[in-house]
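Working through the structure, step by step
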Amino acid sequence: MKSGMAKIEVQNSFCTKCSVKIKIELLKIENITNVYLYPFDSLVVFNFVRANELSTALNTLTALGYPQKGERINMKNYVHPWCKCSENRGEALFHSSLVGLTKTG
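Summary of the structure given here. Predicted model only: the values in this text are computed from it and were never measured.

Rules used in this analysis
Residues numbered from 1 in each chain as written. Predicted model: local features only at pLDDT ≥ 70, side-chain atom pairs only at ≥ 80, totals over all residues. Heavy atoms only, no water. Helix = DSSP H or I, 4+ residues; strand = E, 2+ residues; numbered from the N terminus. Buried < 20%, exposed > 50% of the residue type's maximum accessible area, 1.4 Å probe, protein only. Contact = heavy atoms within 4.5 Å. Areas by Shrake-Rupley, 256 points an atom, 1.4 Å probe, with all protein chains shown as cover. Phe/Tyr/Trp six-rings, centres within 6.5 Å; stacked < 30°, edge-to-face > 60°. Lys NZ or Arg CZ within 6 Å of the ring centre and 35° of its normal. Expected span 1.5 Å × (residues − 1). Arc of directions from axis to C-beta.

Next up on the list: the overall build of the protein. When helices and strands are tallied, the protein shows three helices and four strands. Along its sequence from the N terminus, the protein presents helices and strands in the succession β-α-β-β-α-α-β. Out of the 105 residues belonging to the protein, those deemed buried represent 38%. Counting contacts in the protein only where the partners sit at least 6 residues apart, residues at least 24 apart contribute 67% of the total. Here the protein displays about 6,400 Å² of accessible surface, and carbon together with sulfur accounts for 52% of that area.

Turning our eyes to something else, we now look at the packing of aromatic side chains. As enumerated under the stated definition, the model contains two aromatic pairs in all. Considering the side-chain rings of Phe 14 and Tyr 66, the 5.7 Å spacing of their centres and the 85° angle between planes classify their relative orientation as edge-to-face. Here Tyr 66 lies in the loop between helix H2 (51–63) and helix H3 (85–88) and Phe 14 lies in the loop between strand E1 (4–9) and helix H1 (16–27), a separation of 52 residues in the sequence. The interplanar angle of 65° and the centroid separation of 6.4 Å between the aromatic rings of Phe 46 and Phe 48 together place this pair among those described as edge-to-face. Judged by relative accessible area, which is 0%, Phe 46 ranks as buried. By relative accessible area, Phe 48 is classed as buried at 13%. For the cation-ring pair, Lys 23 lies above Tyr 36, with the distance from its terminal atom to the ring centre recorded as 5.5 Å.

A rise of 1.5 Å per residue sets the reference length of H2, with its 13 residues, at 18 Å; its end C-alpha atoms lie 18 Å apart and thus fit the reference within 8%. The complete set of buried residues in H2 reads Glu 53, Ala 57, Thr 60 and Leu 61. An end-on view of H2 places all buried positions within 100° of arc, on one side of the element. Structural note: H2 exposes Ala 51, Asn 59 and Ala 63 on the side pointing more than 90 degrees away from its buried face.

Structure representation (structure tokens):
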């Protein structure tokens, strides 16, 4: 099957440590592979097979508190991001700009 690649810039920042938690949640989605997170740029990159998997990934990111940049946030349903590290410690963003785990098989 042919796959597509998504590059999603999210609204809230996250640190390298919290990237692992986000990645684990995205890898739970069927046919989502090669997930890379770039904390310094607030960027999430992954491969998907069908459009509904991309939609599920976007919904998952929003549910985790990382909606796509430009998406309107309804304060009534706002979810705070998981990562509190970058709010409390500015250096958390600078430890590593790439977390690269891949899903195999």
